[in-house]
Amino acid sequence: MLEKQIPFWSLLVREVMRFYKVIVQTVLAPIVGSSLYLLVFGVSLGRQIKMADISYLGFLVPGLVMMGVLNNAFQNASSSIISSKFSGDLEDYKVSPLTYQQIIWALALGGLFRGLIVGTVTFCIGQLFYWGMHHQFLGVAHPFLLILFLIIGGLSFAMIGLSVAIRVKSVDQLGAFGNFILVPLIYLGGVFFSIKTLHPFWEHLSHFNPVLYFINGVRYGILGTTDVSIPLALGIAVLTIVSVNVFSLYSLRNSSFSRW
Amino acid sequence: MKDYGKVKAVQDVSFHLEPGEVFGLLGPNGAGKTSLISTIVTLEKPTSGQVLVYGFDVTRQPSEAKKCVGFVPQEIVHHGFFNVEEIMRFYSGYFGYWNNQKRIEELLKKLSLWPHRHKKVRQLSGGMKRRLLIAKALSHNPKLILLDEPTAGVDVELRDQLWELIRELQKEGITILLTTHYLEEAEALCQRVGIIHKGKLLALGPTQELIEKFTQREIHICTKEPKSAITHPLLISQEGNRLIFRIPSHQTVGEILKSLQISLDDVVDLQTKEGSLEQAFRRVIGEELSC
């Protein structure tokens, strides 16, 4: 049984080593970005934003943690596929006994690891800023739910990255997906604001954004507060990962592994 | 069969390989060689038909079939940030070998890549890159190796090295299918060949038999004294004491001399030029073109 999974473990090790070899670009750069968000929005502008039961910096930290996980999981899987399309080693996956599910889970876990590193470091930096402002650290209200939402979110977005990258015909198309679909969904998913502050129409519309449930799941895990029902968020998270897994499988079966 | 929309890349092609042989799939560019090889390694799905590798259907039992096959693509694969040893480790891992260091070391030494094992692909010479592709393909001890245009664009020295390697692999009992449009290569290496053109398999058989079937021998006879004008259906040129005939493979020089009543004492010099695979290939392709 374990022997059958050797192809999966080999690809997973390759995926982790791939981002580790360019760690400045894959991990440090996103951490710098998250730190700047914390400093500019959380510390500087955040002082002027009044929230009911927590400072704006405290509200921002969970959102940025999840944003880091989702963005980096997506980018890791998609850049792995795209660079393999250029270098030609994507064909190696197809000519070897790797199954489609092994490819999906190896790339998804590779993306999740990178996302979790960025998310964890962002959380630690957020804690430092929070301590500097309030002389205390943020607690973790529901650790199990926090980890669950981080894992499901990271895996789902890595699978989306894989599916999109295997289907696109150019880097431009991948960029368009990221810029016009992914970034708006994340930014409008409640990273920087509570949807309760929106006009009722936009608040209602936001409920169709699946990212909202992932971000609020993490916020609930850390702060114990949320804009959405947690059972509903959990249900949507599970539905998302099942859907994107099926879509990834469909994409791998029906896309070319040939080099560009 | 393999179609790309309205284009029929491979049509009604059927052949089998004998264990331990070197089989050459010949054809001009765009003949369907790469489409055929891509179907065997599952990079392409056949539109219809069946490909069996050691009894395993590549569509229905892909894992079992893939374990039997080592694939050497035509173009160099770069592998980004990884070095030679890492590439070998990952690749053999994809085939189910977790701790394959002994085999990796053996292959890298055999292919003179061991001193370069810490280099990235872009730091290797063209020959080393080709050898790395072969090392990868051999990492899981396949019974069948598919070489897609192995010597396309390589210099003579590297070509000779690759030919030698192919012969060594055959001695080890590995079956080899190579595609090429270099007919000299196929003639030197392949026990059997198939000629493919516009997706159709036009000729198939032992290399020597195809040469004999589709070519003629040229005989140059130099006599002591010039002969008077000769009329013979196989004569193609007569200049002074020099006669040139083109005869079918089954006909002998003795029969020609006898029919012309030339005794061996009259012959000063006798040369025969056997037909080549290139001539056979041109004939087969030419016949197809004239149809």
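The notes below deal with the structure included here. (Residues numbered from 1 in each chain as written. Chains lettered and ligands numbered in written order. Predicted model: local features only at pLDDT ≥ 70, side-chain atom pairs only at ≥ 80, totals over all residues. Heavy atoms only, no water.)

### Brief notes about the overall build of chain B
Step number 1: For chain B, the helix and strand inventory stands at ten helices and 14 strands.
Step number 2: Here the C-alpha radius of gyration of chain B, 24 Å, is well above what a compact globule of 291 residues would show, namely 19 Å.
Step number 3: Summarising its shape, the C-alpha atoms of chain B cover approximately 80 × 45 × 30 Å along the three principal directions.
Step number 4: Going through the 291 residues of chain B one by one, you find that 50% of them count as buried.
Step number 5: Residue pairs in contact within chain B that sit at least 24 positions apart in sequence constitute 69% of those at least 6 positions apart. (Helix = DSSP H or I, 4+ residues; strand = E, 2+ residues; numbered from the N terminus. Rg over C-alpha atoms; globule rule 2.2 N^0.38 Å. Buried < 20%, exposed > 50% of the residue type's maximum accessible area, 1.4 Å probe, protein only. Contact = heavy atoms within 4.5 Å.)

### Concerning the nonpolar core
Step number 1: Phe157 of chain A together with Leu146 of chain B are the most contacted members of the largest nonpolar core, which has 153 residues in total.
Step number 2: Among the elements that take part in this core, helix H3 (residues 56-87) of chain A stands out by supplying 16 residues, more than any other.
Step number 3: Aside from chain neighbours lying at most four places away, what touches Leu146 of chain B is Ile37, Ile40, Val41, Val69, Gly70, Phe71, Val72 and Leu177 of chain B. (Core = buried A, V, L, I, M, F, W, Y, C linked by side-chain atoms within 4.5 Å.)

### Examining the interface of chain B and chain A
Step number 1: Each partner contributes residues to the interface: chain B has 27 residues there, and chain A has 25 residues.
Step number 2: Summed over both partners, the interface of chain B with chain A buries about 2,400 Å², with 64% contributed by carbon and sulfur atoms.
Step number 3: Per-residue buried area on chain B facing chain A is highest for Phe81, Tyr94 and Trp98 of chain B; these three make up 29% of the total on that side.
Step number 4: For the pair chain B and chain A, the number of links is three salt bridges.
Step number 5: The salt bridge partner of Arg259 of chain A is Glu75 of chain B, with a shortest N-O separation of 3.9 Å.
Step number 6: Across the contact surface, chain B and chain A share nine residue pairs in polar contact (both at pLDDT 80 or more).
Step number 7: In terms of residue count, the dominant contributor to the side of chain B that touches chain A is helix H3 (residues 84-94) of chain B (five residues).
Step number 8: Along the lines of polarity and charge, the residues of the side of chain B that touches chain A split into 14 nonpolar, seven polar and six charged. (Buried area = accessible area lost by both parts, 1.4 Å probe. Salt bridge = Lys/Arg side-chain N within 4 Å of Asp/Glu carboxyl O. Polar contact = N/O pair within 3.5 Å; in protein donor to acceptor, adjacent residues only side chain to side chain. Nonpolar A, V, L, I, M, F, W, Y, C, P; charged D, E, K, R; others polar.)

### Side note on the sheet that holds strand E13 (residues 242-248) of chain B
Residues and elements named next belong to chain B.
Step number 1: Overall, antiparallel pairing links the four strands, which are arranged E12-E13-E11-E14 in an open sheet. Edge positions in the sheet fall to strand E12 (235-239) and strand E14 (267-273), since each of these pairs with one other strand and no more. Across the sheet, the mean angle from the axis of one strand to that of its neighbour is 15°, orientation sign disregarded.
Step number 2: Strand direction decides the pairing type here: E12 and E13, joined by four bridges, are antiparallel. Looking at the pairing, Leu235 lines up with Phe245 of E13. (Pairing = 2+ DSSP bridges. Axes fitted to C-alpha atoms, helices over the stretch in contact; angles between N-to-C directions.)

### What to know about helix H8 (residues 207-214) of chain B
Step number 1: Here H8 of chain B has its buried residues at Thr207, Leu210, Ile211 and Phe214 of chain B. What you see down the axis of H8 of chain B is that its buried residues fit within an arc of 100°, all on one side. (Arc of directions from axis to C-beta.)

### Looking at the sheet that holds strand E3 (residues 22-26) of chain B
Residue and element names in this part refer to chain B.
Step number 1: As summarised here, the arrangement of the six strands in space is E6-E7-E8-E3-E9-E10, forming an open sheet in which the pairing is mixed. Strands at the two margins of the open sheet, each flanked by one partner only, are strand E6 (69-72) and strand E10 (200-206). Within this sheet the neighbouring strands show an average axis-to-axis angle of 15°, counted without direction.
Step number 2: Where E3 and strand E9 (residues 192-197) come together, four bridges link them in parallel fashion. Note that in E9 the partner of Leu26 across the bridge is Ile195.
Step number 3: Sitting on the sheet, H8 is in contact with E9 and E10, with an inclination near 110° to E10.

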